[in-house]
Amino acid sequence: MKRLLCAAVVAASTIGFVSAANAATNIVVNGDFETGNLSGWTVNASPTGGYPWTVTDASATYTAETGCVGSACLNESGNPAYLYQDLNTTAGTLYNLTFDFVASGTPNALKVLWGSDVVLDLTNVGSLLNYSVSNLLATGGTTRLTFLGRNDPSYSHLDNVNVQAVASAPGAVPEPASWAMMILGFLGVGATVRSKRRADAMVAA
Ligand SMILES: [Ca+2]
């Protein structure tokens, strides 16, 4: 029993080290739209067709909604209905993006841009799913996250947009604060392993 308990403590320490080193927090403001409006986001006011992104109360939770009509809605260089937020990022750091999306009827589509790069291109999605894109590299102190939607017959809903730093890109030098947390993490794991050895010795005795 003691062995199992010690193993659990080591695992918990290791997990704590990882999360402390990454300082993983959601850098998206109002990513769940629970303010009931598009606070933190920017939406264009004059889409070429259909309706701009707005926030709607979908039973128990608020979501961002678009009913933009036509393929022009997915043309990020034109004047489509789009929603974006300029995120505070660290150059050379990798981020993971997750969000929930649901659409009804076809054709529907969603494009997601990280800066100017299309990182997800969905067509005719159906029921609610959680989507994720891993290891998005930030190249500056600000990175624009954009959602371009189209849903000709009905409406699409976006919710729980989450962007978290996961690691420094290969070759990037960790900042002094990151080094300090990594060293503390190693010390913490080492101390736990030592106490496990002592506990094991007591059990064996
Ligand atoms: Ca929500």
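Note that this is a predicted model, so its numbers are computed, not measured. The numbering scheme is per chain: residues are counted from 1 as the chain's sequence reads. Residues qualify for local features only when their pLDDT is at least 70, as the model is predicted, and side-chain atom pairs are given and counted only at 80 or more; totals for whole chains, interfaces and linings, by contrast, use all residues.

Caption draft 1: Representation of the overall build of the protein chain. Under the scheme used here, helices are H or I runs from DSSP no shorter than 4 residues and strands are E runs no shorter than 2 residues, and both carry numbers assigned from the N terminus. Helix and strand content of the protein chain: 2 helices and 10 strands. Along the protein chain, from the amino end to the carboxyl end, the secondary structure elements read α-β-β-β-β-β-β-β-β-β-β-α. Three classes are used. A residue is buried when 20 or more other C-beta atoms lie within 10 Å of its own, exposed when 12 or fewer do, and partly exposed in between, with C-beta atoms placed from the backbone. Looking at the protein chain residue by residue over its 205 residues, the buried ones come to 24%. Contacts here follow a simple rule: the backbone-placed C-beta atoms of the two residues must lie within 7 Å. Expressed as a percentage of contacts within the protein chain between residues at least 6 apart in sequence, the contacts between residues at least 24 apart total 76%.

Caption draft 2: Highlighting the pairing of strand β2 (residues 54–58). Bridging between β2 and strand β3 (residues 61–66) involves 5 bridges; their strand directions are antiparallel. Bridge pairing in β3 links Asp57 to Tyr62. Here, any two strands with at least 2 DSSP bridges between them count as paired. Remark: 2 residues form the turn of the hairpin made by β2 and β3, two consecutive strands paired antiparallel; Ser59 in that turn has positive phi of roughly 55°.

Caption draft 3: Examining the sheet that holds strand β8 (residues 129–137) more closely. Pairing is antiparallel across the open sheet formed by 5 strands, whose spatial order is β2-β3-β10-β5-β8. Every interior strand has two partners, whereas the edge strands, β2 and β8, have only one. Going from strand to strand, the sheet's axes swing by 40° on average, the running direction of each strand aside. Direction of pairing for strand β5 (residues 93–103) relative to strand β10 (residues 156–168): antiparallel, over a ladder of 10 bridges. Opposite Asp100, over in β10, you have Asp159 as the bridge partner. Fitted lines through C-alpha atoms serve as axes, helices being fitted only where they are in contact, and the angles separating the N-to-C directions of these axes extend from 0 to 180 degrees.

Caption draft 4: A look at the sheet that holds strand β4 (residues 82–88). The strand order across the open sheet built from 5 strands is β1-β4-β9-β6-β7, with neighbouring strands paired in antiparallel fashion. Of all the strands in the sheet, just β1 (42–43) and β7 (117–123) have a single pairing partner and so form its edges. Relative to strand β9 (residues 142–151), β4 runs antiparallel, the two sharing 7 bridges. Within the sheet, the bridge partner assigned to Asn88 lies in β9 and is Thr142.

Caption draft 5: Looking closely at unusual backbone geometry. Thr106 connects to Pro107 through a cis peptide bond whose omega is 5°. Following the sequence through the fold, Pro107 ends up in the loop between β5 and β6 (108–114).

Caption draft 6: View of the nonpolar core. For the purposes of this analysis, a nonpolar core is taken to be any set of buried Ala, Val, Leu, Ile, Met, Phe, Trp, Tyr and Cys residues that are connected through C-beta atoms within 7 Å. Ala64, Leu83, Phe147 and Leu158 are the most contacted members of the largest nonpolar core, which totals 27 residues. When contributions to this core are tallied by element, the ones reaching two or more residues are β4, β5, β6, β9 and β10. Apart from residues lying up to four places away in sequence, Phe147 is in contact with Tyr82, Leu83, Leu110, Val112 and Leu158.

Caption draft 7: Structural detail: the confidence of the model for the protein chain. For every residue, the predictor assigns a confidence score, pLDDT, that lies between 0 and 100. In the predicted model, the protein chain carries a mean pLDDT of 77, and 67% of its residues have values of at least 70. Summarising per-element confidence for the protein chain, the mean pLDDT is lowest in helix α1 (residues 2–22) (40) and highest in β8 (97). Overall, residues 1–22 carries pLDDT values under 50, and its contacts beyond four positions in sequence, including any with other chains, amount to 28 contacts. Every residue in residues 189–193 is under pLDDT 50, and counting partners more than four places away or in other chains gives 8 contacts.

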